[in-house]
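Examining the three-dimensional arrangement
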Amino acid sequence: ELKVEQNPLFLSMQEGKNYTIYCNYSTTSDRLYWYRQDPGKSLESLFVLLSNGAVKQEGRLMASLDTKARLSTLHITAAVHDLSATYFCAVGGSGTYKYIFGTGTRLKVLA
Amino acid sequence: DAGITQSPRYKITETGRQVTLMCHQTWSHSYMFWYRQDLGHGLRLIYYSAAADITDKGEVPDGYVVSRSKTENFPLTLESATRSQTSVYFCASRAQGAGTEAFFGQGTRLTVV
């Protein structure tokens, strides 16, 4: 059964600092997604990662995937207040079309 | 309007009542999903569907029923609502293909009193 764990659950950081959010999953997968959710809002897709070693970047966010370690990271560079949100990873079960979400990381960037 | 819409946005119901949450998408996406979001649990998959008349149970299906008679609609029914079903419910859809991401509706906030 596919399980997805994210850490940390909460992250409070100063503007300008770097940090990494981790997403571990328990079984083989062929796709991994990162989403952002602002308070009271829906989820917005950030990245789709499909292969081992995949790296994608958008602004101050960079996501990577290591399928051998069953690990994805979301790295935040020089954080700004606008990045404050909850970030979720979601993992697609191999051979299925469903995906399972992690518990989310609530990020707060302090000015 | 194009996209995925949920209705109602907010609902208060009493314990034991039946309630149906609606989800409609205009993209003709094959796959549709229902999740519930609760603090400390992230999003948990309730049911999902690959096409009309094809549905599968997710992580937390007990107490819920789905149907998919048309590709564009995927209603979720709580047969006899309980307080533990108080939550925010999200519907999502995606196209076929490994590289496609899911798009989410605005969510329905359901309170069972």
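The structure this text deals with has already been given above.
Read on for a plain summary of the structure. (Residues numbered from 1 in each chain as written. Chains lettered and ligands numbered in written order. Predicted model: local features only at pLDDT ≥ 70, side-chain atom pairs only at ≥ 80, totals over all residues. Heavy atoms only, no water.)

All right, on to the overall build of chain A then. What chain A contains, in helices and strands, is 0 helices and 11 strands. Counting helices and strands in the order they occur from the N terminus, chain A gives β-β-β-β-β-β-β-β-β-β-β. In terms of overall size, chain A behaves like a compact globule, its C-alpha atoms giving a radius of gyration of 13 Å where 111 residues would be expected to give roughly 13 Å. For chain A, the spread of C-alpha atoms along the three principal axes comes to 45 × 30 × 20 Å. Among the 111 residues that make up chain A, the fraction classed as buried is 45%. Considering only intrachain contacts with a sequence separation of at least 6, the fraction spanning at least 24 residues in chain A is 55%. For chain A, the exposed area adds up to about 5400 Å²; of that, 49% sits on carbon and sulfur atoms. Within chain A, the 9 negative side-chain charges are centred at a point lying 2 Å from the centre of the 12 positive side-chain charges. (Helix = DSSP H or I, 4+ residues; strand = E, 2+ residues; numbered from the N terminus. Rg over C-alpha atoms; globule rule 2.2 N^0.38 Å. Buried < 20%, exposed > 50% of the residue type's maximum accessible area, 1.4 Å probe, protein only. Contact = heavy atoms within 4.5 Å. Areas by Shrake-Rupley, 256 points an atom, 1.4 Å probe, with all protein chains shown as cover. Lys, Arg positive; Asp, Glu negative; His and termini not counted. Charge placed at Lys NZ, Arg CZ, Asp CG, Glu CD.)

Another point: the sheet that holds strand β3 (residues 19-25) of chain A. Sheet strands line up and pair through hydrogen bonds in the backbone, either parallel or antiparallel. Residues and elements named next belong to chain A. Read across the sheet, 5 strands follow the order β1-β3-β8-β7-β6 without closing on themselves; strand pairing throughout is antiparallel. Each edge of the sheet is formed by a strand with only one pairing partner; in this case those strands are β1 (4-7) and β6 (55-58). Across the sheet, the mean angle separating the axes of adjacent strands is 15 degrees when strand polarity is ignored. Where β6 meets strand β7 (residues 61-66), 4 bridges bridge the pair, whose relative direction is antiparallel. Residue pairing for β7: V55 is matched across the bridge by S64. (Pairing = 2+ DSSP bridges. Axes fitted to C-alpha atoms, helices over the stretch in contact; angles between N-to-C directions.)

Remember, this is a structural readout, not a statement about activity or role.
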